[in-house]
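A structural walkthrough
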Amino acid sequence: KQEVTQIPAALSVPEGENLVLNCSFTDSAIYNLQWFRQDPGKGLTSLLLIQSSQREQTSGRLNASLDKSSGRSTLYIAASQPGDSATYLCAVKANDYKLSFGAGTTVTVRA
Amino acid sequence: DAGVIQSPRHEVTEMGQEVTLRCKPISGHNSLFWYRQTMMRGLELLIYFNNNVPIDDSGMPEDRFSAKMPNASFSTLKIQPSEPRDSAVYFCASSGGPAGEQFFGPGTRLTVL
């Protein structure tokens, strides 16, 4: 069974600092990995999808890397803003449809 | 596109009542997923449909839960009878293919008293 771990569970940084969010998974045989953002009381917003053949994916201030052999992915958010405050979830697709989610990292960006 | 649409957004009901949650996937998407999110268990996949056919329902907690997808633009998740432990946020998600990027709806917050 695929286990997905996100450390730390919570993170607080001052505005402008770069954010580094970690995700680790136990089974390296994955289809892809998806990063989501969840605001309180809201649904999940897809941020980035990295295919298993890719090493990284970028969208604006967001950059996600994938190292399948070590079972790790990192989400970088440059120059954080208070609007980046949310919970970030990592999800690994270990077969052709099933996502296994981490518990998330709750980020607070202080103005 | 309006994204994945779910209704109702909030549902409060009493134990023993029937609850029906509704989902409209993104047009053109042929894969649909129902998830449940709780503080204790996080996000759990309940059931997965591909081309309107249930492929994996191993996450459905018990016989009180049932799901249907009568056509490509509509799915329901029914709980009958409901119990307090069913209280959770239920999400519907869709993707253009089973391995594709999943897009989530806003969720239905269910409270069973």
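Refer to the preceding data block for the structure.
Residues numbered from 1 in each chain as written. Chains lettered and ligands numbered in written order. Predicted model: local features only at pLDDT ≥ 70, side-chain atom pairs only at ≥ 80, totals over all residues. Heavy atoms only, no water.

Turning our attention to the overall build of chain B. When helices and strands are tallied, chain B shows 0 helices and 11 strands. For chain B, the α and β elements follow one another from N to C terminus as β-β-β-β-β-β-β-β-β-β-β. For 113 residues, the compact-globule formula gives about 13 Å, and the C-alpha radius of gyration of chain B, at 13 Å, lands near that figure. Projected onto its principal axes, the C-alpha positions of chain B cover 35 × 25 × 25 Å. Across the 113 residues in chain B, those meeting the buried criterion constitute 47%. When the accessible surface of chain B is totalled, it reaches about 5,400 Å², and 51% of it is carbon and sulfur. Each charge class in chain B was averaged separately, 10 positive and 12 negative side chains, and the resulting centres sit 3 Å apart. (Helix = DSSP H or I, 4+ residues; strand = E, 2+ residues; numbered from the N terminus. Rg over C-alpha atoms; globule rule 2.2 N^0.38 Å. Buried < 20%, exposed > 50% of the residue type's maximum accessible area, 1.4 Å probe, protein only. Areas by Shrake-Rupley, 256 points an atom, 1.4 Å probe, with all protein chains shown as cover. Lys, Arg positive; Asp, Glu negative; His and termini not counted. Charge placed at Lys NZ, Arg CZ, Asp CG, Glu CD.)

As a further point, take the environment of Ser24 of chain A. Residues and elements named next belong to chain A. Tracing the chain through its elements places Ser24 in strand β3 (residues 19-25). Here the alpha-carbon distance between Ser24 and Thr106, two residues 82 residues apart in the chain, equals 16 Å. Look past the residues within four positions of Ser24 in its chain and what remains in contact with it is Glu3, Val4, Thr5, Gly71 and Arg72. (Contact = heavy atoms within 4.5 Å.)

Here we take up the interface of chain A and chain B. Taken together, the contacts link 18 residues of chain A with 19 residues of chain B. Its largest share of buried area at the contact with chain B, chain A owes to Leu44, Tyr97 and Phe101 of chain A, together 36% of the area lost on that side. Where chain A packs against chain B, one counts 0 salt bridges. At the boundary of chain A and chain B, one finds 6 residue pairs in polar contact (both at pLDDT 80 or more). For the side of chain A that touches chain B, the secondary structure elements donating two or more residues are β4 (32-38), β5 (44-51), β9 (86-93) and β10 (99-101) of chain A. Among the residues forming the side of chain A that touches chain B, the class breakdown is 8 nonpolar, 6 polar and 4 charged. (Buried area = accessible area lost by both parts, 1.4 Å probe. Salt bridge = Lys/Arg side-chain N within 4 Å of Asp/Glu carboxyl O. Polar contact = N/O pair within 3.5 Å; in protein donor to acceptor, adjacent residues only side chain to side chain. Nonpolar A, V, L, I, M, F, W, Y, C, P; charged D, E, K, R; others polar.)

The subject of this paragraph is the nonpolar core. Formed by 22 residues in total, the largest nonpolar core has its most connected members in Phe25, Leu33, Trp35, Leu75, Tyr88, Cys90 and Val92 of chain A. At the level of secondary structure, the elements contributing two or more residues to this core comprise β3, β4, β5, β7 (62-67), β8 (72-77), β9 and β11 (105-110) of chain A. Apart from the residues lying within four places of it in its own chain, the contact partners of Val92 of chain A are Gln2, Val4, Phe25, Ile30, Asn32, Leu33, Lys98, Leu99 and Ser100 of chain A. Ile26, Leu77, Ala88 and Cys92 of chain B belong to the second largest nonpolar core, which has 21 residues in total. (Core = buried A, V, L, I, M, F, W, Y, C linked by side-chain atoms within 4.5 Å.)

Let us now look at the sheet that holds β3 of chain A. All names here are of chain A. Spatially, 5 strands are ordered β1-β3-β8-β7-β6 in an open sheet, and the strand pairing comes out antiparallel. Strands at the two margins of the open sheet, each flanked by one partner only, are β1 (4-7) and β6 (56-59). The average angle at which neighbouring strand axes cross in this sheet is 15°, direction not considered. Of the pairings in the sheet, the one linking β3 to β8 comprises 6 bridges and is antiparallel in character. Among the inter-strand pairings, Leu21 is bridged to a residue of β8, identified as Leu75. (Pairing = 2+ DSSP bridges. Axes fitted to C-alpha atoms, helices over the stretch in contact; angles between N-to-C directions.)

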